[in-house]
Amino acid sequence: MKTKAQTSVFHRDLVNTPKMVSHADGVHVWDADGNQYLDASSGGNVVISIGYGVEKVIDAMTEQARKVSFCGAFTSEPQEALAQQLAEFAPNGLDKVRFVSGGSEANETAIKLARHYHVESGNSEKYKIVGRWRSYHGNTLGALSATGHVLRRKNYLPMLLPFPHAAPPYQYRCQFCSERSSCTLQCADDVERLILNEGPESVAAFIAEPIVGAAAMGMVADPKYFSRVREICDKYDVLLIVDEVLSGMGRTGANFAIEHWNTRPDIITCGKGISSGYTPLGAVITTNEIHDAVRIGSGAFEHGFTYGGNPLSCAVGSAVLTYIQDNKLVENAATVGSYLQERVAQEIGGLDIVGEVSGKGMLCGIEIVADRETKEPFSPEIAIATRIARRTQELGVLINPSFSGNVDGYRGDRFGICPPLTFTREQVDETVDALGRAVREVREQVRFE
Ligand code: PMP
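A quick note: this is a predicted structure, and the numbers were derived from the prediction, not measured.

1. Considerations on the pattern of salt bridges
Part 1 of the argument: Enumeration over the complete set of coordinates arrives at 24 salt bridges.
Part 2 of the argument: Put simply, Arg440 and Glu347 hold a salt bridge, and the shortest N to O gap is 2.9 Å. Taken together, the residues span a long stretch of sequence, with Arg440 in helix α13 (residues 425–447) and Glu347 in helix α11 (residues 329–348) at a distance of 93 residues.
Part 3 of the argument: With relative accessibility at 35%, the residue Arg440 sits in the partly exposed group.
Part 4 of the argument: Overall, Glu347 belongs to the partly exposed group, its relative accessible area being 22%.
Part 5 of the argument: The network of salt bridges with shared partners includes Arg173, Arg180, Glu356, Glu367 and Arg414.

Structural data, given as structure tokens:
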């Protein structure tokens, strides 16, 4: 007889079983012990864009489930409708949409699309993807090869694809410039250096998050960074893929974060907020040129996943995007989001353990340091960002622990405040009050350790 295990779920944290969620409504979540939390983390993974329990989405979902939830033999009205909506939501020139079930799948698709495009253009040697350090593009081995998040990679080396990584535009700890205000764009030039090093004839694409999420919450590049990157990509016939899985769908106060740089990418990948967590959904948006090269060439993009474009997820995506637009949530992310950035900076920005507060809209990152002058981080064992997130949770507010530790010389503990786009100023105040208290308390604790 087998003895019954306490839990059979193979959790990510093999030591601590996470709390059990009971239910959620609007921007609040309850655990199974009846504790209520204000969710300033968008479901912990920066997923929830429009809040929990939105009736219009639930209705769209149930109606579609009654009609047809899956039929891979045909396209469907929700898939066609959502593609149209996304093409209108995306920057000019990005009109063709391929659906998948999440962010990693979206980036796998983008990598293969870039390769296939070059094959059809007669450059079949172009297969490498240049990524950046302090980035996260997903956990499948292709997306992880492009990822520059050392902790996520370290137990799975060597990567299937030995992709090169450029220096991140990490202004707070730049390896090139000492001052944010005197950025010389050497981080962008590092992309060119890598392309030349690898041989431009072998490089298919460069991939980057416009504003970084999991690997360095809220890292924002210089205002000229992406136009310089665009020039470099054009010079060597390298496609520009922007990973908007976390930063997209209005979170930063623009439809897509790349719009803050006024730069047109060749491919955008989406996930998370696109379905606000009601169903798994992701998308890849690209140009007619790339679409047509693949279609006219071999006539097929031989790539897909069983659940890509399923009517149920697309009906949800369509209802979510309609809700975002009808309720002007991108505008709300811009205005309440800048209030969030200001309030966090006011409340904790002056503390001696806060290195920087950065981000845009509803994507705010905080870096904690042991010494503000030298920017020396706390030792990884202290796990200070995780402790702050845990204490804030005890005070009734969920935030996003990002990650602690020293990575490839880019050191630092960061965490994020990434609430749903529906957040109000009052909810920002409540979040910032709990955060301020948690940061001060943890600061006192570590002083005596
Ligand atoms: N790209 C980015 C920028 C992400 O933040 C994530 C998820 N944290 C992914 C890709 C992977 O998405 P998923 O977990 O849905 O596969």
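Text resumes after the structure shown.
2. Things to note about the side chain of His303
Part 1 of the argument: If you trace the backbone, His303 turns up in the loop between α9 (288–297) and α10 (311–326).
Part 2 of the argument: Taking the relative accessible area as the measure of exposure, His303 reaches 11% and is therefore buried.
Part 3 of the argument: Here the side chain of His303 touches Thr109 through a polar contact of 2.7 Å, side chain to side chain.
Part 4 of the argument: Of note is the side chain of His303, whose polar atom sits 3.0 Å from the side chain of Lys112.

3. Structural notes on the sheet that holds strand β10 (residues 282–287)
Part 1 of the argument: Ordered in space as β4-β10-β9-β8-β7-β5-β6, the 7 strands form an open sheet in which the pairing is mixed. Both outer strands of the open sheet, β4 (94–100) and β6 (165–166), are each paired with one neighbouring strand and no more.
Part 2 of the argument: Pairing analysis gives 2 bridges linking strand β5 (residues 128–132) to β6, with the strands arranged parallel. By the bridge assignment, Gly131 is partnered in β6 with His165.
Part 3 of the argument: Against the sheet, helix α3 (residues 77–89) contacts β4 and β10, and its axis sits at roughly 135° relative to β4.

4. Here we look at the nonpolar core
Part 1 of the argument: Ranked by internal contacts, the top residues of the largest apolar core, which has 93 residues, are Phe206, Tyr225, Ile366 and Leu435.
Part 2 of the argument: In this structure, Phe206 is in contact with Val130, Gly131, Arg132, Val191, Tyr225, Val229, Cys233, Val238, Leu239, Leu240 and Ile241, ignoring residues within four places of it in sequence.
Part 3 of the argument: Membership of the second largest hydrophobic core comes to 21 residues, among which are Ala114, Ile129, Ile241 and Ile290.

5. Digging into a nonpolar patch on the surface
Part 1 of the argument: A surface patch of nonpolar side chains, amounting to about 430 Å² of accessible area, comprises Phe10, Leu14 and Val15.
Part 2 of the argument: Assessed through its relative accessible area of 64%, Leu14 is described here as exposed.

6. Focus: the packing of aromatic side chains
Part 1 of the argument: According to the stated counting rule, one finds 4 aromatic pairs in the structure shown.
Part 2 of the argument: Look at Phe89 and Phe256: their rings are 5.5 Å apart centre to centre, the planes differ by 75°, and that puts the pair in the edge-to-face class. In this pair, Phe89 sits in helix α3 while Phe256 sits in the loop between β8 (239–243) and β9 (267–270), placing the two residues 167 residues apart along the sequence. Each member of the pair, Phe89 as well as Phe256, carries the same accessibility label: buried.
Part 3 of the argument: Taking 4.8 Å as the distance between ring centres and 90° as the angle between the ring planes, the aromatic pair formed by Tyr225 and Phe226 counts as edge-to-face.
Part 4 of the argument: Overall, Tyr225 belongs to the buried group, its relative accessible area being 0%.

7. Some remarks on the environment of Gly308
Part 1 of the argument: Structurally, the position occupied by Gly308 is in the loop between α9 and α10.
Part 2 of the argument: Gly308 sits in the partly exposed class, given a relative accessible area of 28%.
Part 3 of the argument: Here the alpha-carbon distance between Gly308 and Ala106, two residues 202 residues apart in the chain, equals 10.0 Å.
Part 4 of the argument: Once residues lying within four places of it in the same chain are set aside, the contact partners of Gly308 are Phe99, Val100 and Ser101.

Parameters at a glance
Residues numbered from 1 in each chain as written. Predicted model: local features only at pLDDT ≥ 70, side-chain atom pairs only at ≥ 80, totals over all residues. Heavy atoms only, no water. Salt bridge = Lys/Arg side-chain N within 4 Å of Asp/Glu carboxyl O. Helix = DSSP H or I, 4+ residues; strand = E, 2+ residues; numbered from the N terminus. Buried < 20%, exposed > 50% of the residue type's maximum accessible area, 1.4 Å probe, protein only. Polar contact = N/O pair within 3.5 Å; in protein donor to acceptor, adjacent residues only side chain to side chain. Pairing = 2+ DSSP bridges. Contact = heavy atoms within 4.5 Å. Axes fitted to C-alpha atoms, helices over the stretch in contact; angles between N-to-C directions. Core = buried A, V, L, I, M, F, W, Y, C linked by side-chain atoms within 4.5 Å. Patch = residues over 30% accessible without salt bridge, like charges linked within 9 Å, V, L, I, M, F, W, Y side chains within 5 Å. Areas by Shrake-Rupley, 256 points an atom, 1.4 Å probe, with all protein chains shown as cover. Phe/Tyr/Trp six-rings, centres within 6.5 Å; stacked < 30°, edge-to-face > 60°.

All we've got here are geometric facts, nothing functional implied.
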